[in-house]
Each structure stands twice: as structure tokens, then as C-alpha cells.
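Topology and contacts: notes
The lines below spell out each chain.
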Amino acid sequence: MELMVFMTLLLLLILVPIFYLFNHKKYNGRLPPGSLGLPVIGQSLSLLRALKADKVEKWFQERITNHGHVWKASLFGYPTVVLHGPAANKFVYTCDGNLLANSQPPSLTRIVGCKNLMELSANDHKRVRAALVSFLKLEVLKQYVAKVDVEIQHHLQSHWHGKHEVQVQPLMKTLTFNIICSLLFGIERGTQREKLLPLFHDMIEGVLSVPINLPFSKYNRAIIARKKLVPMIIHLIQKKKEALMEQNQGDIPHKDLITSLLSIRHDDSSTMISEEEIIDNIIVVMIAGYDTTSVLLTFFLRLLASNKSIYSTIVQGNTNML
Ligand SMILES: *[C@@H]1O[C@H](CO)[C@@H](O)[C@H](O)[C@H]1NC(C)=O
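Cut-off values and rules
- Residues numbered from 1 in each chain as written.
- Predicted model: local features only at pLDDT ≥ 70, side-chain atom pairs only at ≥ 80, totals over all residues.
- Heavy atoms only, no water.
- Helix = DSSP H or I, 4+ residues; strand = E, 2+ residues; numbered from the N terminus.
- Buried < 20%, exposed > 50% of the residue type's maximum accessible area, 1.4 Å probe, protein only.
- Contact = heavy atoms within 4.5 Å.
- Areas by Shrake-Rupley, 256 points an atom, 1.4 Å probe, with all protein chains shown as cover.
- Phe/Tyr/Trp six-rings, centres within 6.5 Å; stacked < 30°, edge-to-face > 60°.
- Lys NZ or Arg CZ within 6 Å of the ring centre and 35° of its normal.
- UniProt positions renumbered as here; feature names shortened; annotations may be inferred.
- Salt bridge = Lys/Arg side-chain N within 4 Å of Asp/Glu carboxyl O.
- Core = buried A, V, L, I, M, F, W, Y, C linked by side-chain atoms within 4.5 Å.
- pLDDT = per-residue confidence, 0-100.
- Expected span 1.5 Å × (residues − 1).
- Axes fitted to C-alpha atoms, helices over the stretch in contact; angles between N-to-C directions.
- Parallel < 35°, antiparallel > 145°, perpendicular 65-115°, else oblique.
- Nonpolar A, V, L, I, M, F, W, Y, C, P; charged D, E, K, R; others polar.

Let's shift gears to the overall build of the chain. For the chain, the helix and strand inventory stands at 13 helices and three strands. In the chain, which comprises 322 residues, the share counted as buried stands at 41%. A fraction of 64% describes how many contacts in the chain between residues 6 or more apart in sequence connect residues 24 or more apart. With the model as given, the accessible surface of the chain reaches about 18400 Å², and the carbon-plus-sulfur share is 59%.

Below, the structure written as C-alpha cells:
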């Protein structure tokens, strides 16, 4: 299942800390075991193949067996040290910010930007994280239920009603994309959404490709997509800023992620978030939310379709069992 592959790789890229050998000359002779393989390509293709074949755990396990808990590899164009196991995790999460800092491969920042949460450290990280979390507070989330409901009703009407058979996974991608447009960008149905879809698609493909920037490569298409998307987001930010001004300084309810980030009060510099940070974080949230959510929804529907007892429990609104 291709989306699972994407999801796993996104998790790898975004959640599993991968740390680079900055100054690796300085540490010559003290590098962990493992091979850097061919220049640029390194082990990227082999990892991508393992992901496609759903053998990524085996891929890592083989290397852990050969090299131990700490080893080096070359992934997506950059020398990488992989740390595995509880001790390594404890080290990563307890050492101070001077020793290890959040960072993504520069190839990735060309697509997702360098001001996103995955790239920021220390106070900047805290500040942007707080801004994003304000969008996810329970009372704020409640306001989105109505918007999500509108999208789902419309989706069911246009894609499910009257059909004997549907392909759930592509439909869940469509639904997720529409909800992202509504909640993150505040873009309603129409041509603007349609313009966004191919850009969105190219960027996701590029994040998961070998970063070779040649004409027509997936990576190149993703960079072009970002170049087209950023002015669109800047335009949206401008329009939403104007709307906020008209509405007397942020008294309007949080309507979408852009508006919510814009209406964070600028008189408190500990929470202020720049336009550049808004753009890059919107892009990251959009990429990270798409496959993960659509795959989860697909499996959820499969469970409902195959297990009558769970289905009827949900239909009855009896959630004790789950
Ligand atoms: C349905 O789910 C319930 C609860 O998880 C489980 O006990 C039951 O075995 C499942 N039934 C089938 C047919 O998978």
C-alpha cells in the first residue's frame, strides 16, 4: 500500500530525529560504523525500496545487527547517524540544545522551508510550537467540527451516495485534502482548491524522492511547486490580515490556521510569529497531515466494513466498547 510507505517515510523524516555529522572532518576516525555508500544516493534507494516492500523494520534491524545501536549511513543526500534503543533516545531527548539541534536535510528544507517547527530549536521552537498548539486546543477544535461536517456531508453526497462500490483510499485523500484546505487555508470549494491540488501532490512526492535537482525529477517538481505555492499563501495571508483589521483586532473566532496564527497578539514578543514562519509551518502541517490522516481514515472504514459489531456499536453511539 503506497500510502503506508509515504506515511512511514514521513514519520521517519519528521518524527525520528536524524542527526547530521556537522564538522565531520573534526571527528575523523571517531565516526560510528556503517557505510556512507555512493555519493548523494547513499542508502536512499535501498531504504525507499525497503519502504515500498514494507520491509523497513528489517532494513533497520539488519543494520542494527551489523553495526550496533549507533551507526552511520547516507540518507537523502546527507551523512546521517542513526541512534537506536532506549539509551540513545534518552541521550537525544535529554542532551542540551548546543550538542544536538533540530535539523532536517537541506534538501528537505528546500521544499518545506527553514522556519518550520522541525527546523527550529530552543526558544524559537517553543514560541512556534505554542502558536501551533493554540490552534489545537480543545475549545478551538470544537469550532472546527461544523466545518469538517460540511466537508464530509458534501463528500458523501458527491462521491458515495447511489454508488454500489467505491474506492475508499483515493476518496479519503480527496476528503482529507478538502478538510486541509478548509481548516488550514480557509479556502472554500472552487478553483483555488483545484489550483492547490497538483502543487500539494508534487510537494509530497518530492519530500519522498531522492533529492536530485534535475529538470523533471520529482524533487525538482516539488521545488517548483513550493515556488508557486508560497505566493499563493502570501496572498492568502494578506487577505486574512485585511479581514482581521476590519474585524477589530482579532475578535473574530479562529477561522483557519492562517487566521489563527495571524491573530496571535503581537504585543507579546514571546508568542509573535513571523510571516515566514506561518508559511513554512502551514506547509509542514499540510504535508504531515495528508497521508497520515487519509490512511488512518481508510483503515478505520475498512474496520467498520469488516466488523459488524464495531459498526453497530458506533451507529448506536455506544462508545463504551471502544
Ligand atoms: C470485531 O471487533 C471486536 C472488538 O475489537 C472483536 O472482539 C471481534 O473479534 C471482531 N470481530 C471480527 C469478525 O473481526
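Picking up after the structure, the text goes on.
Moving on, we come to the packing of aromatic side chains. Scanning the model with the defined rule gives six aromatic pairs in all. When the centroid spacing of 6.0 Å and the interplanar angle of 45° are considered together, the rings of Phe60 and Trp71 count as tilted. Placement of the pair is Phe60 in helix H3 (residues 56-67) and Trp71 in strand E2 (residues 70-75), with a sequence separation of 11 residues. Side by side, Phe60 and Trp71 carry an identical accessibility label, which is buried. Taken together through their ring pairs, the aromatic side chains of Trp59, Phe60 and Trp71 make up a single cluster. For Arg63, the ring lying beneath its charged end belongs to Trp59, and the centroid distance is 3.8 Å.

One non-glycine residue, Asp54, adopts positive backbone phi at about 60°. For Asp54, a relative accessible area of 67% gives the class exposed. The backbone phi angle of Phe216 is positive, close to 75°, even though this residue is not glycine. With respect to the secondary-structure elements, Phe216 resides in the loop between helix H9 (191-207) and helix H10 (218-246). Owing to a relative accessible area of 73%, Phe216 belongs among the exposed residues under this scheme.

Before going further, it helps to spend a moment on the UniProt feature "transmembrane region" (unreviewed entry) in the chain. UniProt records the feature "transmembrane region" (unreviewed entry) for residues 282-304 in the present numbering. Its end C-alpha atoms 32 Å apart, residues 282-304 is made of 100% helix and 0% strand.

Before going further, it helps to spend a moment on the pattern of salt bridges. Enumeration over the complete set of coordinates arrives at 10 salt bridges. Between Arg127 and Asp124 there is a salt bridge; the shortest N-O distance is 3.0 Å. Placement of both Arg127 and Asp124 in helix H6 (residues 122-134) is noted, with a separation of three residues, approximately one turn of the helix. A relative accessible area of 13% means that Arg127 is categorised as buried. Between Lys241 and Glu275 there is a salt bridge whose closest N-O contact spans 2.8 Å. Taken together, the residues span a long stretch of sequence, with Lys241 in helix H10 and Glu275 in helix H12 (residues 275-306) at a distance of 34 residues.

What follows is about the nonpolar core. Judged by nonpolar contacts, the single largest core of 55 residues is most densely connected at Phe185, Ile233, Ile283 and Met286. Here this core takes 11 residues from H10, the largest share from any one element. With residues near it in sequence (within four places) discarded, Ile283 still touches Ile111, Val112, Met203, Arg226, Leu229, Val230 and Ile233. Core analysis: the next-biggest nonpolar cluster, separate from the first, contains 14 residues, Ala50, Leu51, Phe60 and Ala73 among them.

With that settled, consider the confidence of the model for the chain. With 85% of its residues at a pLDDT of 70 or more, the chain shows a mean pLDDT of 82. Within the chain, the lowest mean pLDDT, 46, falls on strand E1 (residues 19-20), and the highest, 93, falls on H3. Here residues 13-25 is a poorly scored stretch, pLDDT under 50, and it has 31 contacts once near neighbours within four places are set aside; other chains count.

Attention shifts here to H6. Two residues of an α-helix separated by three or four positions point the same way, owing to the 3.6 residues in each turn. Over its 13 residues, H6 runs 18 Å from end to end, which matches the ideal 18 Å to within 8%, given 1.5 Å per residue. Looking at the buried positions of H6, the neighbouring elements they touch are helix H7 (138-160), helix H11 (257-262) and H12.

Okay, the packing of H9 against H12 next. Orientation of H9 relative to H12, taken along the N-to-C sense of each, is 80°, at an axis distance of 11 Å. For the element pair H9 / H12, the angle class is roughly perpendicular. Contact residues: Phe200, Met203, Ile204 and Val207 in H9; Ile283, Met286, Ile287, Tyr290 and Asp291 in H12. When the residues that make up the contact of H9 with H12 are grouped by side-chain class, the tally is eight nonpolar, no polar and one charged.

Turning our eyes to something else, we now look at the environment of Val210. Topologically, Val210 is positioned in the loop between H9 and H10. Judged by its relative accessible area of 15%, Val210 is buried. Counting along the chain gives 165 residues from Val210 to Leu45, while the straight-line C-alpha distance between them is 7.4 Å. Excluding residues that lie within four positions of it along the chain, Val210 makes contacts with Ser44, Leu45, Leu48 and Tyr219.

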